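Topology and contacts: notes
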Amino acid sequence: MAKSPETVALDQLDKDQMKTFSDFLMSYNKLSEMCFTDCVRDFTSRDVKDTEEKCSLNCMEKYLKMNQRVSQRFQEFQMIANENALAMAQKTGKI
């Protein structure tokens, strides 16, 4: 029995959501590991030292700002590439 278009659309939505969540978890784990490795130095106490906490917060903030900036640049690049493709298609008469 063939799936209805609605079922196919919902299946694709579920796959897309799982991919997005998986990407988020990978990014979160990478950030956690990177900042932990860079900032945590003393394992003789259960308490987090002020310097470790500040380092971790700075690390997280820098990573998130960098990630946001890269995303913005990628979007800008995509917009330019799309505009160039549209202009080329119009120039060659394909549109």
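Residues numbered from 1 in each chain as written. Predicted model: local features only at pLDDT ≥ 70, side-chain atom pairs only at ≥ 80, totals over all residues. Heavy atoms only, no water.

Convention followed: UniProt positions are given in the numbering used here, feature names are shortened, and annotations may be inferred rather than shown by experiment.
As recorded in an unreviewed UniProt entry, the chain goes by Mitochondrial import inner membrane translocase subunit and comes from Drosophila busckii. Its UniProt record, at the heading Subunit (unreviewed entry), says of the chain: "Heterohexamer." Its UniProt record, at the heading Sequence similarities (unreviewed entry), says of the chain: "Belongs to the small Tim family."

Comments concerning the overall build of the chain
So the rule is basically this: Comment: elements are numbered from the N terminus, with helices defined as DSSP H or I runs of at least four residues and strands as E runs of at least two. For this measure, only C-alpha atoms enter the radius of gyration; the expected value for a globule follows 2.2 Å times N^0.38, where N is the number of residues. To measure how exposed things are, a 1.4 Å probe is used in the Shrake-Rupley method; for residues, cover is taken only from the protein chains shown. Counted as positive: Lys and Arg. Counted as negative: Asp and Glu, with His and the chain ends omitted from the count. Charged groups are reduced to one reference atom each: NZ for lysine, CZ for arginine, CG for aspartic acid, CD for glutamic acid.
Counting its secondary structure elements, the chain contains two helices and zero strands. Over its C-alpha trace the chain gives a radius of gyration of 22 Å, far above what one expects of a compact globule, namely 12 Å for 95 residues. Dimensions of the chain along its principal axes, counting C-alpha atoms only, are 70 × 45 × 15 Å. Accessible surface, the chain as shown: approximately 8,700 Å² in total, 60% of it carbon and sulfur. In the chain, the 14 positive side-chain charges and the 15 negative ones have mean positions that sit 7 Å from each other.

Here's the deal with a nonpolar patch on the surface
To keep things clear, this is the line we draw: Exposure above 30% relative accessible area and no salt bridge define the residues that can form patches, which grow by joining like charges within 9 Å and nonpolar side chains of Val, Leu, Ile, Met, Phe, Trp and Tyr within 5 Å. Should a side-chain nitrogen of Lys or Arg be within 4 Å of a carboxyl oxygen of Asp or Glu, the pair is scored as a salt bridge.
On the surface, F21, F24, L25 and Y28 cluster together to form a nonpolar patch covering roughly 420 Å² of accessible area. Summarising the element assignment, Y28 is placed in helix 1 (residues 5-39).

Some words on the environment of V70
Heads up, the condition is: Burial classification: accessible surface area is computed with a 1.4 Å probe over protein chains only, and a residue below 20% of its type maximum counts as buried, one above 50% as exposed, and the rest as partly exposed.
Structurally, the position occupied by V70 is in helix 2 (residues 50-91). The class of V70 is partly exposed, set by a relative accessible area of 48%. For the pair V70 and L31, spaced 39 residues apart in sequence, the C-alpha separation works out to 15 Å.

Here's the deal with the UniProt feature "domain: Tim10-like" (unreviewed entry) in the chain
UniProt's feature table lists "domain: Tim10-like" (unreviewed entry) at residues 17-76, given in the numbering used throughout. Annotated as 83% helix and 0% strand, the span residues 17-76 places its first and last C-alpha atoms 24 Å apart.

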